[in-house]
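Chain by chain, the residues run as shown.
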Amino acid sequence: MLNGSLQAYTFSSPLEGPLKVTVRAVNAFSASEVDVDLENILRSCQNQSEFSADVHGNSTASLSIDNLRITATPDMLADYTQSVTLSVSGTESMPSKGLVFEWKCEGNCKCRNKTKGETHVIGKDCLPDPFDIFEYILTVRRATWFRKWVDFASASKCIILTPKEFTDVTISCDDCSSINVHHPVKLRLSCVTTCQEVVWYIEDPKPLPDDLKKCHSKEGRSPLIERQDGNTEYVVHSQHLKVSRDISHNISVIAYGKNTPGFAKYTLPIPGPEPTEPDNLPPSCSISPPSGTVLEPFDITCKSSSFCSTGCSYCFKTDTGKHLRCSKAKEVKSVFLPLGDKNNNYTLLVVVTVTNKHEKTSTTVSTQVRTSSTSTSVEALSSAVEDGVGQLEQQGLLSCEALGQIFSSVSDLLNTDDGQDQKDARTTLRKQMLTKMTRVLLDSPSNTTQEVQVTARALAGLTQRPDELSPAAQEEAGSLLVDLSSSLNTISGNQDDGEDGEVVQAATPILEAASNILNVSSNKKVSDFLLTGISNIQSALLNNRKLNGDPAIIDSGQISVYVNRVSPENMQMQDINLQKNSTSRFSFPALPAHILSPEEPVDVRMMSFVKNPYSWKEENITGTVGSVSLTRMNGSVISVQNLPDEIQIFLPRLDIGEENGTVLDLANFSTLIINVPSPDVTVVLKMEPSEDISFMLFLGCKDYPNDENYLAKTQMPLQNAKGEGKYTWVLSPKDRTGEVGEHYLVIKPIVEPGIKAMNATVTVISIATQCKYWNENESSWSEDGCRVGPLTTPLVTHCLCNHLTFFGSSFFVMPNLVDVSRTAELFATFTNNPVVVCFVGAIFAAYLVVVVWARRKDIQDSAKVKITVLEDNDPLAEYHYMLNVSTGHRHGASTSSQVTITLLGTEGESEPHHLIDTEKPVFERGGVDMFLLTTHFSLGDLQSIRLWHDNSGAHPAWYVNKVMVQDLESGQKWHFLCNSWLAVDVGECALDQVFPVATEMDLKRFSNLFFMKTAKDFRDGHIWFSVISRPPCSTFTRVQRVSCCFSLLLCTMLTSIMFWGIPTDPSEQTMDLGHIEFTWQQVVIGVQSSIIMFPINLLIVSIFRNARPREKGTKTETPKQGKTGRVSPSQTSSPQKALKDITPDTVIKDIKRIAQSLSKAMKSPLPQLELRPGHQSDINTLLSLVEDIIRQQNRAAGDFYTEASKRDPSMILSLQAVNLEQEISGLGSPEKTSDGVQKKSSNSRYLYKQLRHVEKELGLLGLSRFPNPDSYNRAMQQVKGMKGLLECRLHAPSLEGDELDRSPSPGESVKEVSTKKGCRGGLPWWSVFVGWILVIATSAVSGYFTMMYGLTYGKDRSINWLISMMISFFESLFITQPLKVLGFAAFFALVLKKVDQEEYGEPQIDESLRTTDDPDTVRAARRDSTCSFYQPPPRTDIEKLRNNMVKEQKVFALIREILVYMGFMWMLLLVAYGQRDPNAYFLTKHIRQSFSRGISDSMSIQEMFKWANTTLLSNLFGEHPGFITDGNSKLVGNARLRQVRVHQNSCHVAPSMQQPERDCHAPYSWELEDMGSYGPGWSRSDGDNTSLNLRSLWKYQSQHQLRAIPVWGSVKLYRGGGFVVDLGPDLIHSSRSLQYLYDNTWFDVYTQAVFVEFTVYNANVNLFCIVTLMLETTAIGAFQFRSELQSVRLYQSTGGLHVFVMASEVVYFLFIIYYMFVQGKLLKQQRWAYFRSKVNLLELAIILLSWSALSVFIKRTLLGERDMEYYQDNKDQYASFHETAKADAVLGYLIAFLVLLATIKLWRLLRLNPKLHMITATLQRAWSDISGFLVVMTIMFLAYSIASNLMYGWKLYSYRTLLNAAQTMVSLQLGIFNYEEVLNYNPVLGAFLIGSCIVFMTFVVLNLFISVILVAFSQEQIHHKPSEEDEIVDLMLMKLFSLFGVKCKKQAGDCTTERPVGSSAPYKGPSAVSSGSICDG
């Protein structure tokens, strides 16, 4: 010490050994030395210190006892929700320095760590178990010389956790009244609800041990022993009972909740001493066999003992109280035992009670009783029963008691079997057992109550399943019940000192059996049995009963019995009831002396039934049925009739709903409507005024009452009434004079003079009920002597009767009717409750709007109701066919094309006819179009039709549903079920199809009938849907349908609001249909609502639907449309116009057509003769041909052309100069049918009409206009001659007179058919007015009363009703009604299979449009057969159209694909960049730069410590506490240091170097990683001197424990585990931690990597940054720095951008779902070929990556929430976010790959560019050569990479690995290369290597590679063929240009004229015709 001041030197560590110290003092002038013997000084000082400490300790011992205290906060513990803080007090008198406080725990402590400090915290996990005691001892120590410590003072504190006692859990004991120390005691847990899991203990009865004796004594408890977990039973063993008896100490049993705090306690009494006389022990018993089944007999044997020296009786029962048998003998055989305890290995305990003359004792014996070992089938049980009964009969032991034991076990097995397959067998077995019991009981009646109990228990078990009791079995059971109850009555009467409890125990199962039978039986005989049996039970209970004692009560749920023996004066003082809400109550008045003698006791018998016992008598009895009777002690009945005061009876209705009253506001209205359903009911009106007021009540019937005209009146409150009776008005049928229906109640407040209004309300509850009694004489319910009392409520009926019998009540469901006599006053409350009124008004307004729309639609429909006469019908054709063409309902089913049809029949085929109507659109979606088509002659039975169209217009595709063709002459119909597309791009891609006629089987096919019926019901039958889809032909207009819906809705609302809130009766039996439950009352309300609503609405709909249209007058010039159909007039012309149009050529053409039609009728081919140019057709030759045919047929007297005429040479036709222009192919000989004569006459008639037409034309033409007069004259003669021949042939009376001169017009033909159909009748036309009157009336009344109800209910209740009604309405409209339609349609199609020929009826024909056949009228219009639509389109043209259509579809598909891709890519980029923040880069850069200061390329351990103490800590703990660097980023948790190490001696050392080398270690690997546990300084000793926190520094912790992940470093991949130390929360603690690590060499040569891990959060940019700073070495001692920073956004921002990003994420996955749907369709079509397409694989990869990204996003969110929760709970620890960062990184990679693949997908869209397509084709062409060059280039790159790595890898950084060398070689080809480092190292080899690489790789190989591609490109230019996609692109561009109005310039060589493409190009035939017109020739 060189300082001159005085100083004291303190030795820093103890000195050991005999040391001497020389002390030298030096000043400026001299020096002095002294030798100090340190050993002696130390010894003497130490002795003095110890002596002082002892003295001080003794002095403070008393101080510590008196003043040193330990305080616990909280002091009382009841659960584990909080920790306990121990603090010390009383240290004021102690030294302030040098004291150490040390805490430790004594006892079964969970946490034994010793801590220091003045306070100690006991964590939640360290608290003791309930009732266990820990003692915490505080020792105060003081330091002496050289770290020697002595105890200064101490104190202790007892810690115990005492939960609260359970309120719903108790412990019970069955046999604790007399404890036998030789048998264990069983305790049971009793719970109100489900028992929770508990832990059982008993307190040790032994004396307290020395351990914790003070604590136990203070708490008054003993240590807990014998723990048992999780059972509801606990057994106290006999050794503890003996200890309890020996030391006279009670045993306490404790059960505390394992998961729920609380406990239950039970204290056992001290067992009695051992008997002093060992010889007087009770006999011991045994059961054989030791185990068996319930169907096997057991024998019980008891050994003799001195206890039974004078004789004993033995009674056996189970431990649950079931009686088995009593006997005088000590051995009992053939006892059948019940099933044992399943939870205790089927063990059954049998209690044997042994009684001698003086006392009785009991013992317990056990056995095992299982279920039947054989099959439990009914056959096996029946066989076992027979065997058991037979065995008892053989042994002579057959009795009801033995049978009861067997049958009880069998019934238990039967009751547990729910299978339906053996139900009948079980029913039979029950019947057999009941019969057997009845017979045995008659032979040997029961003699004891125990025998009756056993037998009754079997009877209750056999009747438990009511569905398995046959009527015969019910009678057997009833008879057996009577016998048992009679036996019980006899037995109880013979027992003078019998116990009442035994009788009750025996009667209870009898009553249970009666309840079982009552539930199923409705038989009078069985009912009598039950009542007799219950009466016997009452008698048995009354036997030996004491006077005025407690009543005997038995309740079985369905039946309750009450008996008591009372004195007459006590009868008036008590109610007769069972203290149960569901049973009857009786209250007696003072009975006259002539009925009851004052001295004679009275037996009161009461019965209460939940179900009516007289159910066999049909009567509306609801609620409880009760009975009471009075008898004398001898059993005789006391007659109680005509009492002066009435008996009060209360009959409850079980669990009725809440009362709903009607609130009347006396300031606005005070009238109420009450509906009285029956003349016999009593109406009870209960008033609840809001104030104590007086008012008058007036009741009127069918009219409003007033002061003078009323049915009844009264004033409230009633005089002389009390309680509720003051405001209760009871109206009996007499008071109402028996009136039914609506009654009007008027409330008139009584006010003082001058008061005009009263602000008060009265709530009125109306109840309709009856009180009835059972009349024994008439066996019916009657009301005489009973009336309804004023205490009646909706829950209880109060009856007042003057006699006694069975009583019942009846209730009625009454709607909430309210009368609004003052409507204006009621509407005055509109402002307070406008809900219902506004809703009804809105419905009326909506109705008016919809009616306007419906009227317009009706006008449009009337225009569609039209029969179109085809304009191309031949004027000579007079045979009519009606066509009904139905277009389907599919999307795009309508067509704009020109449709043509041809009919093909057995007698020929029609001409092609163009189906068009110039006045209305045809073939609309779902439409039905009717056309009138004519032919020359009948076509016979139609076999098929041919339809085609020309594919013209904007939407040419047509879906034809079906076609119906009707022969208007015969009325026959043919149906053609088409269901096909006529289109080039849909369905079969055909424009021309032939459809065969549908057979009867086709029409009755399920699909046809189902869809036909469904469509018809939805379009016409469903009243709501048909408003939109009403068939135009229907006479039921839309306006009428809307009105019916309007009326129906209002009626539904009225019936709904009428019964809204009617209280239901839950006591009624609930009917269950699956998940749908309803009660009978709900069914009644539904029926009542239907009765109110359904008939009137059905009548309105029927009137509108069946009313005939009004017939129009014949003189009406302008007919109205919509009521009838219209027929377009035929083509007629005036005589002047006809004269101008008719030429000789026209006449010749007509004659040619007649010849053609004749050839078709004959089915004979006519030769086609070519007409020479300029040759004139000869009219005379043509007429001669026709004349020859007629004459030939007249001679043959047959048809036009028979088989004979075919062979006649004279019939061979030679037309020579005639050209018929058409070759007619024959269809074979006609088939002879029964109506052949009719067909022949018909053909002749139509030929006659045609000749008459020719004659008219010749007459108009005249001789002057004919070229050859002779030919004209001859022609006229020929025509007249042929007419004469036909007139001779047509000699039928029907053709006489004018019949030959006229023919039916098209309108008349339709009229004939319509007239036939109209004969079915209907309502007259004026009935429509009746329907409208009903609609108006029902709507007005329903709307008015609905508003009144709404105003009455109040706002809240109205809103609830409105919501309920709307939900019910829409559910019915959109779910129930459609399902009903589909169900009826399925039933119609599967069961009835009836074809509905007329779907919607035929339209009536307007008379003004019917044309007559005027003889002077000639129709001159002719068909031009050259029009294009008369010829089916050729297949080649259809193929062209199809190709164009396909191209158009591809164009639109391409445009859609481009648009979808653009939207998809946009959403993907939004999602991708929404997950990233550009601020993340700047944040990571800032943190990396901040923590990398002072870092060099190679650092030693000392330099690393220096960096940690400076740069790391200064940046980790910035200027602001809790923030790093400059205070912008908050430190989340603490920072953590982690290192990974390798084992010592982990490397292999060469033998020659092993001696000098002390130790070595290999580079890091997972196999060599050190995972051991060490002490400080990496020593192997684990001393206790180190604290837990410091000890963890030297212990390896796994990756799972640290919640870390493996980390990639610059050198290796490191595990996530290691040796860890958490830096402190501030700079000081962290510096200390680092210094400790440095002092103890925590980093040494075996450290391979050091990680600094921490997480920061920057709120400015809302980013978390997970930072990992790595310092790693390669075992050479130098550390390299590397940093990894991962930014994560865990808190999504709430701004508008975030919402936009979230929306884009949702839209993106909608795109993904769309792509999945598209790819799924492709996969289904292509199957395995799907996976061979690169495009498909690309799409599949995008879909999979998208869903993977979604799953990773969800996982990242969950991990982030988990990590944040961990941080919130452990803010003072390091919070690891590594897993979250890893998930976020994976999400980023997935999104990046998604963007990559989606961008690559753009190449598929760019393929449409011709240039890019050529590039793709070039690469494909050159691929074979390119692949070879790629191999050569790869080999050369690999060679140079290996060579450079071997040459420079150990010296130059760029070549350190093979991968780095390969990267450097690639950079060389790109010109990025550091030449100097290679040339400086080795100029010769470096120059050679670089030069050869550039020459061979760049100049040779790469140039050749490019040349190959250029050659392939030039070849592709020469041989390139444009693909189909080029045409699609051109077509798409043309479409786009035309859309935007840009002219498209074609290339040279292309046609400059525009041409239509695709579907817009109709097929053009030889000549063009405008749509919808007839082509003129």
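This text gives an overview of the structure that appears in the document. (Residues numbered from 1 in each chain as written. Predicted model: local features only at pLDDT ≥ 70, side-chain atom pairs only at ≥ 80, totals over all residues. Heavy atoms only, no water.)

Brief notes about the overall build of the protein chain
So, point 1. Helices and strands together make up the secondary structure of the protein chain, namely 43 helices and 63 strands.
So, point 2. At a minimum sequence separation of 6, the contacts of the protein chain that also span at least 24 residues come to 72%.
So, point 3. In the structure as shown, the protein chain presents an accessible area of about 101000 Å², 55% of it carried by carbon and sulfur atoms. (Helix = DSSP H or I, 4+ residues; strand = E, 2+ residues; numbered from the N terminus. Contact = heavy atoms within 4.5 Å. Areas by Shrake-Rupley, 256 points an atom, 1.4 Å probe, with all protein chains shown as cover.)

Section: the packing of helix H8 (residues 471-494) against helix H10 (residues 524-542)
So, point 1. Viewed as axis vectors pointing N to C, H8 and H10 meet at an angle of 15°, and their least axial separation amounts to 8 Å. As far as their axial angle goes, H10 and H8 are roughly parallel. Between H8 and H10 the crossing geometry is left-handed. Residues Gln474, Glu475, Gly478, Ser479, Leu481, Val482, Ser485, Ser486, Leu488, Asn489 and Ser492 of H8 touch H10, and the partners they reach there are Lys525, Val526, Phe529, Leu530, Thr532, Gly533, Asn536, Ile537, Ser539 and Ala540.
So, point 2. Its residues assigned to classes, the contact of H8 with H10 shows eight nonpolar, eleven polar and two charged. (Axes fitted to C-alpha atoms, helices over the stretch in contact; angles between N-to-C directions. Parallel < 35°, antiparallel > 145°, perpendicular 65-115°, else oblique. Left-handed = near helix turned anticlockwise from the far one by under 90°. Nonpolar A, V, L, I, M, F, W, Y, C, P; charged D, E, K, R; others polar.)

As for H10
So, point 1. Helix length check: H10 (19 residues) gives 27 Å between terminal C-alpha atoms against 27 Å at 1.5 Å per residue, within 8%.
So, point 2. Note on H10: the residue one or two positions beyond its end, Asn544, has a positive phi of about 60°. (Expected span 1.5 Å × (residues − 1).)

Observations regarding unusual backbone geometry
Excluding glycine, a negative phi dihedral is what most residues carry, and trans is how most peptide bonds are arranged.
So, point 1. Residues Thr73 and Pro74 are joined by a peptide bond in cis, for which omega reads 0°.
So, point 2. The topology assignment puts Pro74 in the loop between strand E3 (69-73) and strand E4 (84-89).
So, point 3. For the bond running from Ser288 to Pro289, omega is -5°, close enough to zero to count as cis.
So, point 4. Structurally, Pro289 can be placed in the loop between strand E17 (285-288) and strand E18 (291-293).

Things to note about the state of the cysteines
So, point 1. With the rule as written, the count across this model stands at nine disulfides.
So, point 2. Here Cys158 is linked by a disulfide to Cys215, with a sulfur-sulfur distance of 1.8 Å. Since a negative S-S torsion denotes a left-handed disulfide, the Cys158-Cys215 link at about -75° is left-handed. Here the residue Cys158 occupies a position in strand E9 (residues 149-160), and Cys215 occupies one in helix H2 (residues 213-219), the gap between them amounting to 57 residues.
So, point 3. Across the disulfide from Cys191 sits Cys195; the S-S distance is 1.8 Å. (Disulfide = S-S within 2.5 Å.)

What about the packing of helix H6 (residues 423-443) against helix H7 (residues 449-462)?
So, point 1. Between H6 and H7, whose axes approach to 11 Å, the crossing angle comes to 155°. In terms of axis orientation, H6 runs roughly antiparallel to H7. Along this stretch, H6 crosses H7, giving a crossing that reads as left-handed. Residues Arg430, Met433, Leu434 and Met437 of H6 pack against Thr455, Ala458, Leu459, Gly461 and Leu462 of H7.
So, point 2. Considered class by class, the residues forming the contact of H6 with H7 number six nonpolar, two polar and one charged.

Considering the pattern of salt bridges
So, point 1. Scanning the model with the defined rule gives 32 salt bridges in all.
So, point 2. One salt bridge connects Arg565 with Asp603, and the closest N-O pair in it is separated by 2.7 Å. With Arg565 in strand E26 (residues 559-566) and Asp603 in strand E28 (residues 602-609), this pair connects stretches of sequence that are 38 residues apart.
So, point 3. For Arg565, a relative accessible area of 7% corresponds to the buried category. (Salt bridge = Lys/Arg side-chain N within 4 Å of Asp/Glu carboxyl O. Buried < 20%, exposed > 50% of the residue type's maximum accessible area, 1.4 Å probe, protein only.)

With respect to the side chain of His743
So, point 1. Tracing the backbone through its elements, the reader meets His743 in strand E37 (residues 741-749).
So, point 2. Using a relative accessible area of 1% as the deciding quantity, one classes His743 as buried.
So, point 3. Every residue in contact with His743, bar those within four places of it in the chain, is listed here: Leu672, Ile673, Ile674, Val676, Leu699, Gly700, Cys701, Leu711 and Arg736.

Here we look at the pairing of strand E51 (residues 973-982)
So, point 1. For E51, the buried fraction is high: nine of the ten residues fall into the buried class.
So, point 2. In terms of strand pairing, strand E50 (residues 958-967) meets E51 through eight bridges, oriented antiparallel. By the bridge assignment, Met964 is partnered in E51 with His975.
So, point 3. Adjacent in sequence and paired antiparallel, E50 and E51 are bridged by five residues, among which Gly971 carries a positive phi angle near 80°. (Pairing = 2+ DSSP bridges.)

Topic: the packing of aromatic side chains
So, point 1. Using the criterion set out here, one finds 39 aromatic pairs in the structure.
So, point 2. Centroid distance Phe844 to Phe1046: 4.9 Å. Interplanar angle 80°. Geometry classified as edge-to-face. With Phe844 in helix H13 (residues 835-864) and Phe1046 in helix H17 (residues 1038-1058), this pair connects stretches of sequence that are 202 residues apart.
So, point 3. Take Phe844: its relative accessible area is 32%, and that puts it in the partly exposed class.
So, point 4. For the pair Tyr879 and Tyr881, a centre-to-centre distance of 5.4 Å together with 45° between the ring planes defines the contact as tilted. With respect to class, Tyr879 is no different from Tyr881; both count as buried.
So, point 5. Cluster of aromatic residues (ring-pair linked, three or more members): Phe1464, Tyr1708, Phe1709, Phe1711, Tyr1714, Tyr1715 and Trp1747.
So, point 6. Over the ring of Phe1523 we find Lys1530; its NZ or CZ atom is 5.9 Å from the centre of that ring.
So, point 7. Its end group placed over the ring of Phe1651, Arg1538 keeps NZ or CZ at 4.3 Å from the ring centre. (Phe/Tyr/Trp six-rings, centres within 6.5 Å; stacked < 30°, edge-to-face > 60°. Lys NZ or Arg CZ within 6 Å of the ring centre and 35° of its normal.)

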